[in-house]
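Remarks on the overall topology
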Amino acid sequence: MSSSPIFDVSMDNVRELLAASQQQPVVFLFWSAQSQESLQLDQQLSQRMAKAQGQLLLARVNCDEQQQMAMQFGIQALPTTLIIKDGQPVDGFAGPLDDKALDDKLAAYLPKAEDELVQQALVLLDEAKHQDAFPLLSEALQLAPERVDIKLLLADCAVELGQLEQAEALLATVLLQDQNADYKAVQSKLALAKEAADTPEIQALEAALASSPDDMQLQEQLAVQYQQVKRSAEALELLHGILRQDLNFSESKKLYLDILAALPKGDPIASQYRRKLYSLLY
């Protein structure tokens, strides 16, 4: 196939173009040089193919020369446009369209911004680069907050990064009818992660702190243990309590900053506790 997204169709390449529709939609334009509306629509579609960056192909069928092909496709008026996907017509229209209507028609067959972000994130997840995938999935969910598949990917990523509260919050927004096998898999992984995050060391420090709630040394030690099992929000909350009383207590400020630096870009916990620290410093 040519690197250009625009093709002139003949009996020699029509099968190849139909096969190409397995990878991306192909817009078949049946046109005639004798029709001003055909020429106008041809120009409109050609302009949009350049902007589509290879996500759509334009197959131009000159019906003055390819009358038999037009008959095989059942074309009755010119211009006629068919959108072919997986080798079959899935949409189409006869006659011209204004620019907005044409853009709206084609937009349904172009990848959405959130889909492109998800694809980038999936590549990173395959390489176990959860830290890099997290902000992409967060941005995708902001663009399409109703997408359960993105929520589950982000929740799974959050579990891998130890952001268990965030994963739990995401899963809580999934409606009962959408709680499929993927949801249950992430939920099970979260439950295991929460169990693993409650170590004997943490339990002992929590008991000691319950007896001496004002002991900042115990608070700092517990914060360290929380961070070791990636319970970042709880660690930051403890350290923030220490810093409110004494900005220079032991290693608390350094620990606080180290935890913020370790959180993935775009993590709401990082943003929340960064603002809290600024309010103390300034």
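Before any of the text, the structure's been laid out above.
Residues numbered from 1 in each chain as written. Predicted model: local features only at pLDDT ≥ 70, side-chain atom pairs only at ≥ 80, totals over all residues. Heavy atoms only, no water.

**Comments concerning helix H12 (residues 232-245)**
Structurally, the α-helix is built with 3.6 residues per turn, so residues lying three or four positions apart point the same way. The condition that has to hold: Starting at the N terminus, helices and strands are each numbered in turn, a helix being any DSSP run of H or I of at least four residues and a strand any DSSP run of E of at least two. Expected helix span is taken as 1.5 Å per residue step, with the number of steps being one fewer than the number of residues. Throughout, exposure labels follow a simple rule: accessible area from a 1.4 Å probe, protein chains only, divided by the maximum for the residue type, with under 20% read as buried, over 50% as exposed, and the rest as partly exposed. In this analysis, two residues are considered to be in contact whenever any of their non-hydrogen atoms come within 4.5 Å of each other.
The terminal C-alpha atoms of H12, which comprises 14 residues, lie 20 Å apart, in line with the 20 Å expected from a rise of 1.5 Å per residue. Counting buried residues in H12 gives 10 out of 14 residues, a clear majority hidden from the surface. Taken together, the buried positions of H12 are occupied by Ser-232, Ala-233, Ala-235, Leu-236, Leu-238, Leu-239, His-240, Gly-241, Ile-242 and Leu-243. Buried residues along H12 sit against helix H8 (164-172), helix H10 (200-211), helix H11 (216-228), helix H13 (252-262) and helix H14 (268-281).

**A word on the nonpolar core**
Operational definition: Here, nonpolar core refers to any group of buried Ala, Val, Leu, Ile, Met, Phe, Trp, Tyr and Cys residues whose side-chain atoms link them within 4.5 Å.
Counting 30 residues, the largest nonpolar core has Leu-137, Cys-157 and Leu-171 as its most contacted members. For this core, the element with the highest residue contribution is helix H7 (residues 148-160), accounting for 8 residues. Leaving out residues up to four positions away in the same chain, Leu-137 has contacts with Val-118, Ala-121, Leu-125, Ile-150, Leu-153, Leu-154 and Cys-157. Of all hydrophobic cores here, the second largest spans 24 residues; its members include Met-216, Ala-223, Leu-238 and Leu-239.

**Description of the sheet that holds strand S2 (residues 26-31)**
Under the convention used in this document: DSSP-based pairing: two strands are paired if at least 2 bridges between them are found. Only the stretch in contact is used when a helix axis is fitted, and all axes are lines through C-alpha atoms; the angle between N-to-C directions ranges over 0 to 180 degrees.
Reading across from one edge, S1-S3-S2-S4-S5 is the order of the 5 strands in this open sheet, with mixed pairing throughout. In this open sheet, the two edge strands, each paired with only one partner strand, are strand S1 (6-8) and strand S5 (88-94). Pairwise comparison of adjacent strand axes, ignoring direction, gives a mean angle of 20 degrees for this sheet. Where strand S4 (residues 80-85) meets S5, 6 bridges bridge the pair, whose relative direction is antiparallel. By the bridge assignment for S5, Lys-85 is matched with Gln-88. Lying on the sheet, helix H2 (residues 36-52) is in contact with S1, S2, strand S3 (57-62), S4 and S5; it crosses S2 at an angle near 160 degrees. Taken strand by strand, helix H4 (residues 99-107) contacts S2, S4 and S5, and its axis lies near 175 degrees from that of S5.

No statement about biological role is implied by the geometric values presented.
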